[in-house]
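# Tertiary structure, described
Take a look at the letters that make up each chain.
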Amino acid sequence: MIEVNKLINLFKKPAKKRKINKIDDTRIPSHIAIIMDGNGRWAKARQLPRTFGHKAGVEALRDVIKTASNIGVKYLTLYAFSTENWSRPQDEVSALMQLLVDYLKKEVGELHSNNVRINTIGDIEGLPRIAKIEVKNAKALTKSNSGLCVNIALNYGGRDEIIRGIKKLYKDVEDGLSIENLQVEEFAGYLDTTNIPDPDLLIRTSGEYRFSNFLLWQSAYTELWFTETYWPDFRGEDLIGAIVDYQNRTRRFGGI
Ligand code: FPP
């Protein structure tokens, strides 16, 4: 006679296929974009001023850049300051700009020796002079590096980028370019991300589920990954977790 337990087992759903927890280093996403959110709430939870959260966010930045570089990610685009962030209190805006300046001054040497290239998207002409100088220096120093490209979004907004792109295109039209058969790839060349592939994976921290004007054009077929973790607590191992999830997905790009 068949035992009860064996009978129960017969009706149990088959065990779910276990996720592979190990990263497949032959399928590392080439471009990862991150909305580093939750600095303010991280600080508030500790009864600290918001700027402490941004400062703690730099620690996370450091660790994530190190991991991304080590595992062979080609592009890491980080949303550091949006076109809308100017509306924050002046103190916070100044603190963010100072943090950027201090970070670049302090870290660019090490990034350079690790073959990291610094690039930016967004209208850096709109940044305070001191930030502009530091950004330009970092870009110039690292421009020939062939390792990870850390692409910092500064004074960046997806809609602003598209408008600036249209203005550049319009100039070429005035110079005789025909746009009768304008192709997607051709217009993409007018955006800040020229020569950078679209992001494969977009991560947003802190339990918010929005694009917030980030890479609107480029994210058409990007895989999205969200975590409740506030940015200052995010580390390289969280990045690995996101990549493992990404590697378990099937990308169809509108096909079947
Ligand atoms: C969003 O959190 C974060 C920012 C607007 C700034 C991100 C900046 C850093 C991580 C540090 C500096 C970066 C560089 C490149 C040196 P939030 O302030 O909106 O957080 P909240 O939603 O909890 O208020």
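Since we're looking at a predicted model, the values are computed, not measured. (Residues numbered from 1 in each chain as written. Predicted model: local features only at pLDDT ≥ 70, side-chain atom pairs only at ≥ 80, totals over all residues. Heavy atoms only, no water.)

### Remarks on the sheet that holds strand E4 (residues 149–156)
The criterion, for reference: Whether two strands pair comes down to DSSP finding at least two bridges between them. A run of DSSP states H or I qualifies as a helix once it reaches four residues; a run of E qualifies as a strand once it reaches two. Both are numbered from the N-terminal end. Note on geometry: axes are C-alpha line fits, over the in-contact stretch for helices, and angles between N-to-C directions span 0 to 180 degrees.
Taken in spatial order, the six strands make up an open sheet running E3-E4-E2-E1-E5-E6, and their pairing is parallel. Each edge of the open sheet carries a strand with a single partner, namely strand E3 (117–121) and strand E6 (223–226). Here the strands of the sheet are splayed against their neighbours by 20° on average, with no regard to which way each runs. The pairing of strand E2 (residues 75–82) with E4 spans seven bridges and is parallel. Opposite Tyr75, over in E4, you have Cys149 as the bridge partner.

### Examining the pairing of E6
Threshold: For each residue, the accessible area found with a 1.4 Å probe, counting protein chains only, is set against the maximum for its type, and the residue is called buried under 20%, exposed over 50%, and partly exposed in between.
Burial of the side chains of E6 is restricted to one face: Glu223 and Trp225 are buried, whereas none of Leu224 and Phe226 on the reverse face is. Across four bridges, strand E5 (residues 201–204) lies against E6 in parallel orientation. Within E6, the position partnered with Ile203 by the bridge is Trp225.

### Some thoughts on unusual backbone geometry
Here the phi dihedral of Asn155 falls at roughly 50°; this positive angle occurs in a residue that is not glycine. Here Asn155 shows up in strand E4. Classification of Asn155 as buried rests on a relative accessible area of 8%. If you check the backbone angles, Leu215 has positive phi at about 45° while not being a glycine. Position of Leu215 relative to the elements: it lies in the loop between E5 and E6. According to the relative accessible area criterion, Leu215 is buried, its value standing at 0%.

### Concerning the nonpolar core
Note the cut-off: Nonpolar cores were defined as sets of buried Ala, Val, Leu, Ile, Met, Phe, Trp, Tyr and Cys residues, with membership established by side-chain atoms within 4.5 Å. The contact criterion used throughout is that any non-hydrogen atoms of two residues lie within 4.5 Å.
Counting residues in each nonpolar core, the largest one holds 46 residues, and the members touching the most others are Ile32, Ile34, Ile65, Leu76, Ile203 and Leu239. Going through the elements one at a time, strand E1 (31–35), helix H3 (50–71), E2, helix H4 (90–113), helix H5 (129–142), E4, E5 and helix H8 (236–247) are the ones with two or more residues in this core. Excluding residues within four positions of it along the chain, Ile65 makes contact with Leu76, Leu78, Tyr103, Leu111, Leu148 and Val150. With nine residues, the next largest nonpolar core counts Tyr79, Ala153, Phe214 and Leu215 among its residues.

### Points about H8
To keep things clear, this is the line we draw: To estimate the expected span of a helix, subtract one from its residue number and multiply by 1.5 Å.
Under the 1.5 Å per step criterion, the end-to-end length of H8 is 16 Å for 12 residues, consistent within 8% with the ideal 16 Å. The set of residues buried in H8 consists of Gly236, Leu239, Ala242, Ile243, Val244, Tyr246 and Gln247. Packed against the buried residues of H8 are E1, H3, E5 and E6.

### Observations regarding the packing of aromatic side chains
How two aromatic rings sit relative to each other is given by the distance of their centres and the angle of their planes. To keep things clear, this is the line we draw: Any two of the Phe, Tyr and Trp rings considered here, Trp counted by its six-membered ring, make a pair once their centres fall within 6.5 Å; the pair's planes then place it as stacked at under 30 degrees, edge-to-face at over 60, or tilted in between.
Inspection of every chain in the model, using the stated rule, returns eight aromatic pairs. For the pair Tyr79 and Tyr156, a centre-to-centre distance of 6.0 Å together with 80° between the ring planes defines the contact as edge-to-face. Here Tyr79, found in strand E2, pairs with Tyr156, found in strand E4; they are 77 residues apart in sequence, far enough to count as distant. Here Tyr79 and Tyr156 have matching classes, each one buried. By way of ring pairs, the aromatic residues Tyr79, Tyr156 and Phe214 are connected into one cluster.

### Things to note about the UniProt feature "active site" (unreviewed entry) in the protein chain
Here is the rule: UniProt positions are given in the numbering used here, feature names are shortened, and annotations may be inferred rather than shown by experiment. Note on definitions: the grid is 1 Å and covers protein atoms alone; a cavity is a set of points where a 1.4 Å probe fits but cannot get out; a pocket is an open set with protein on both sides within 12 Å along at least five of seven lines; lining residues have an atom within 4 Å of a point. We define a polar contact as two N or O atoms separated by no more than 3.5 Å, with the added condition that, inside protein, one atom must be a possible hydrogen donor and the other a possible acceptor, whereas residues neighbouring each other in sequence contribute only through side-chain atom pairs.
Within the UniProt annotation, "active site" (unreviewed entry) is assigned to Asp37 and Asn85. These residues run over 49 residues, yet every pair of their C-alpha atoms falls within 12.4 Å of each other. The annotated residues that sit in the lining of the largest pocket are Asp37 and Asn85. The topology assignment puts Asp37 in the loop between E1 and helix H2 (39–45). In this fold, Asn85 is placed in the loop between E2 and H4. Take Asn85: its relative accessible area is 15%, and that puts it in the buried class. If we skip the residues at most four places from it in the chain, Asn85 touches Ala80 and Val93. A polar contact of 2.8 Å, which involves the side chain of Asn85, links it to the backbone nitrogen of Ser82.

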